[in-house]
Amino acid sequence: LLQVVRFLAARVHLGRATMRASQKDFDNAVKQVKLLKEDPGNEVKVKLYALYKQATEGSCNVPKPGVFDFINKVKWDAWNALGSLPKETARQNYVDLVSSLIPSSEASSRGEPGTQEKLLASEDVVVTSEDGITKIVFNRPTKKNAITTQMYQEITQALKTASKDNSAMTVFTGNGDYYSSGNDLTNFTSTPSGNIEEFAKRGADILRDFVDTFIDFPKPLVAVVNGPAVGISVTTLGLFDVVYASDKATFHTPFSHLGQTPEACSSYTFPKIMGPAKANEMLIFGKKLTAGEAYAQGLVTEVFPDSTLQKEVWARLKAYAKLPPNAMRISKSLIKSSSEREKLHAVNAEECTTLQARWLSEECIGAVTSFMSRKAKL
Ligand SMILES: CCCC/C=C/CC(=O)SCCNC(=O)CCNC(=O)[C@H](O)C(C)(C)COP(=O)(O)OP(=O)(O)OC[C@H]1O[C@@H](n2cnc3c(N)ncnc32)[C@H](O)[C@@H]1OP(=O)(O)O
């Protein structure tokens, strides 16, 4: 009981930071509880009961049950322990608690340590869940993990699913020697109708949705940059919470070389992270950074020797994934506030509109044609 009271008291505090759930969210959560496939256990049921009562009726207003009425007494104690917690906060806490119990349709539960569950059956983007970590892997090693149109959509979907599953965090990494060589340049030539305007419009829509999903991702987002990263696989790093890198990783944004312009909010995040002077050299002149330079400029959290990267990073991440998930999410929402996210969405929209026009430019078409005809490589 003491544990229950402590838990609820903690939620009083946390709840003040996040009063966001609408009545509709709450009603949905109430319905979801009835559909739970697994019994969440008595402790959780008591927490749900107390939060439900507080959310719907306010502070405990009924007499204490008799000493031998054990079950009702435990329930009453839990409700009473919520004190004067505002109804909206109780509603939010109820929604949070239910969402931590319910995996979304595609998602799995956290799983027992050591068991890995594959969540998305795609060859090029592999999504698994293990030890509280949803892992999204760029898996086109023979093409240096270049990102196809389909992969953007799969990653968007995987992130949306991961935002609701029971994992504590999501980690991106690459299979093979590259993290990712960025946008697959054959995307430009594989438009079914061959209509470049149509490609540009569709590409801008897909890109905008892809980047929006990173902006809104509510849990810790970590990149394990196992090798060179190019283009969009670099710019998205500005939207991650933590970036670990191999000492073999490099960071290259050759937008001008390709007749293109920055995306994934990097025109805003990079100057903020590393200062305009360094960001300009990367984003305008395409200066490639070593892992050490990226660390010095604040884009990378920590660099590891390539030979120990996997062992060290995954041990650390598994320990982090055991931290209280709601606390991590709430910390993240304070760091990336709603006004900051609003700004990021606006930047994303503007960058996508700019790119849509750029993709039709002679400069861009020429650069892609050179790559396709094997005349140019970075
Ligand atoms: C719709 C949303 C759009 C969002 C826009 C984002 C902007 C960007 O991401 S800009 C960055 C675009 N990326 C590039 O320009 C990289 C192009 N690739 C290269 O310059 C080189 O391949 C490399 C330096 C990455 C690697 O060179 P290396 O000699 O080691 O290997 P390769 O033999 O060139 O590569 C193996 C294989 O992979 C293919 N490949 C690699 N990267 C890409 C790519 N980005 N797009 C398409 N294909 C790529 C390469 O052609 C090789 O294929 P083959 O074995 O079939 O020849």
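Small disclaimer: the values here were computed from a predicted structure and weren't measured. (Residues numbered from 1 in each chain as written. Predicted model: local features only at pLDDT ≥ 70, side-chain atom pairs only at ≥ 80, totals over all residues. Heavy atoms only, no water.)

*Asks:* Can you break down the nonpolar core residue by residue, with the values?
*Replies:* Counting residues in each nonpolar core, the largest one holds 60 residues, and the members touching the most others are Phe172, Val225 and Phe251. Top contributing element to this core by residue count: helix H7 (residues 196–216), with nine residues. Counting 22 residues, the second largest nonpolar core, distinct from the first, contains Ala21, Leu51, Ala78 and Leu97. (Core = buried A, V, L, I, M, F, W, Y, C linked by side-chain atoms within 4.5 Å. Buried < 20%, exposed > 50% of the residue type's maximum accessible area, 1.4 Å probe, protein only. Helix = DSSP H or I, 4+ residues; strand = E, 2+ residues; numbered from the N terminus.)

*Asks:* Give me the lowdown on the state of the cysteines, citing residues and values where you can.
*Replies:* Applying the stated criterion to the full structure yields zero disulfides. Free cysteine Cys265: the closest other cysteine sulfur is in Cys352, separated by 8.2 Å. Exposure remark for Cys265: the relative accessible area of 0% places this residue in the buried category. (Disulfide = S-S within 2.5 Å.)

*Asks:* Describe the packing of helix H3 (residues 42–57) against helix H5 (residues 87–101), with residues and values.
*Replies:* For the pair H3 and H5, interaxial distance at closest approach is 8 Å and the crossing angle is 150 degrees. The crossing of H3 and H5 is left-handed. In this structure, H3 contributes Val44, Lys47, Leu48, Leu51, Tyr52, Gln54, Ala55, Thr56 and Glu57 to the contact, and H5 contributes Lys87, Ala90, Arg91, Asn93, Tyr94, Leu97, Val98 and Leu101. Split by residue class, the contact of H3 with H5 holds 10 nonpolar, three polar and four charged. (Axes fitted to C-alpha atoms, helices over the stretch in contact; angles between N-to-C directions. Left-handed = near helix turned anticlockwise from the far one by under 90°. Contact = heavy atoms within 4.5 Å. Nonpolar A, V, L, I, M, F, W, Y, C, P; charged D, E, K, R; others polar.)

*Asks:* Go over the environment of Lys160 with me, naming the residues and quoting the values.
*Replies:* Along the polypeptide, Lys160 turns up in helix H6 (residues 149–164). According to the relative accessible area criterion, Lys160 is partly exposed, its value standing at 33%. Setting aside anything within four residues of it in sequence, one finds Lys160 in contact with Asp209 and Thr213.

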